[in-house]
Amino acid sequence: MSKFYVVSSDILPEVLEKVLEARTLLQSGKVKRISEAVKQVGISRGTYYKYKDAVFASPQEQNNRKAVITMTLRSEKGTLSKVSSLISAKQVNILAINQTIPINGIHNVSFTLDISDLDGDIQSFLDLIEAMAFVDKVDLVAIE
């Protein structure tokens, strides 16, 4: 089992930060190949491969936080729209929506959300959604 530490970048070799930069370039699609990324940041491919699975940005440095929530909604006209409007009003961005077809007057909906700019804490946000008249249940599946 690996141990993890939070360490100031001031005391770490610069190469570790460059590995993070290379990974960001790849994930953002700014470069297509590892060879392009490492050349752009000025490290070797060997260095990248040595550290790529061991160096991570701290959560404070990540640009976004994600959450996955599921809910059971009564199948009434405009319910999904009303939930989406509430989510938007709380400064949350919807990244993906998956829903089942209504059966016996209810359907399940799963939202993947960017909660980086959430106005308030996650539990209050979930309670607000669950308080809506047509929402039967809300669950937080995962949060990052």
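Conventions and cut-offs
Residues numbered from 1 in each chain as written. Predicted model: local features only at pLDDT ≥ 70, side-chain atom pairs only at ≥ 80, totals over all residues. Heavy atoms only, no water. Helix = DSSP H or I, 4+ residues; strand = E, 2+ residues; numbered from the N terminus. Buried < 20%, exposed > 50% of the residue type's maximum accessible area, 1.4 Å probe, protein only. Contact = heavy atoms within 4.5 Å. Areas by Shrake-Rupley, 256 points an atom, 1.4 Å probe, with all protein chains shown as cover. Lys, Arg positive; Asp, Glu negative; His and termini not counted. Charge placed at Lys NZ, Arg CZ, Asp CG, Glu CD. Patch = residues over 30% accessible without salt bridge, like charges linked within 9 Å, V, L, I, M, F, W, Y side chains within 5 Å. Salt bridge = Lys/Arg side-chain N within 4 Å of Asp/Glu carboxyl O. Axes fitted to C-alpha atoms, helices over the stretch in contact; angles between N-to-C directions. Parallel < 35°, antiparallel > 145°, perpendicular 65-115°, else oblique. Left-handed = near helix turned anticlockwise from the far one by under 90°. Nonpolar A, V, L, I, M, F, W, Y, C, P; charged D, E, K, R; others polar. Phe/Tyr/Trp six-rings, centres within 6.5 Å; stacked < 30°, edge-to-face > 60°. Arc of directions from axis to C-beta.

Considerations on the overall build of the protein
Check the secondary structure of the protein and you find 5 helices and 4 strands. Sequence-ordered secondary structure for the protein, helices as α and strands as β, is α-α-α-β-α-β-β-α-β. Projected onto its principal axes, the C-alpha coordinates of the protein cover approximately 60 × 30 × 30 Å. Looking at the 144 residues of the protein, the share that counts as buried comes to 28%. Residue pairs in contact within the protein that sit at least 24 positions apart in sequence constitute 65% of those at least 6 positions apart. For the protein, the exposed surface amounts to about 9,800 Å²; the carbon and sulfur share of it is 51%. Of the charged side chains in the protein, 17 are positive and 17 negative; the average position of the first set lies 9 Å away from that of the second.

A few points about a nonpolar patch on the surface
A cluster of nonpolar side chains, namely Y5, V7, I11 and L12, defines an oily patch on the protein surface of about 450 Å² accessible area. By the secondary structure assignment, L12 is in the segment before α1 (14-28).

A closer look at unusual backbone geometry
One non-glycine residue, Q91, adopts positive backbone phi at about 65 degrees. Tracing the backbone shows Q91 in the loop between α4 (79-89) and β2 (93-99). Here Q91 falls in the partly exposed class, since its relative accessible area comes to 48%.

Topic: the packing of α1 against helix α2 (residues 34-41)
At a minimum axis separation of 9 Å, α1 and α2 run at an interaxial angle of 135 degrees. In terms of orientation, α1 lies oblique with respect to α2. As α1 packs across α2, the resulting crossing turns out to be right-handed. Taking contact as the criterion, the partners of K18, E21, A22, L25 and L26 in α1 are, on α2, I34, A37, Q40 and V41. When the residues that make up the contact of α1 with α2 are grouped by side-chain class, the tally is 6 nonpolar, 1 polar and 2 charged.

Digging into the packing of aromatic side chains
In total, this model carries 1 aromatic pair according to the counting rule given. Both rings, one in Y48 and one in Y49, keep their centres 5.8 Å apart while their planes meet at 75 degrees; by these two values the pair is edge-to-face. Look at Y48 and you get buried, because its relative accessible area is 6%.

Structural notes on α2
When α2 is considered as a whole, its buried residues turn out to be A37, V38 and V41. Seen from one end, α2 has its buried residues packed into an arc of 90 degrees, which puts them on one side. Of the exposed residues in α2, the ones pointing more than 90 degrees away from its buried face are K39 and Q40. Looking at the packing, one finds that the buried side of α2 touches α1 and α3 (45-51). G42, located one to two residues past α2, shows a positive phi value of around 85 degrees.

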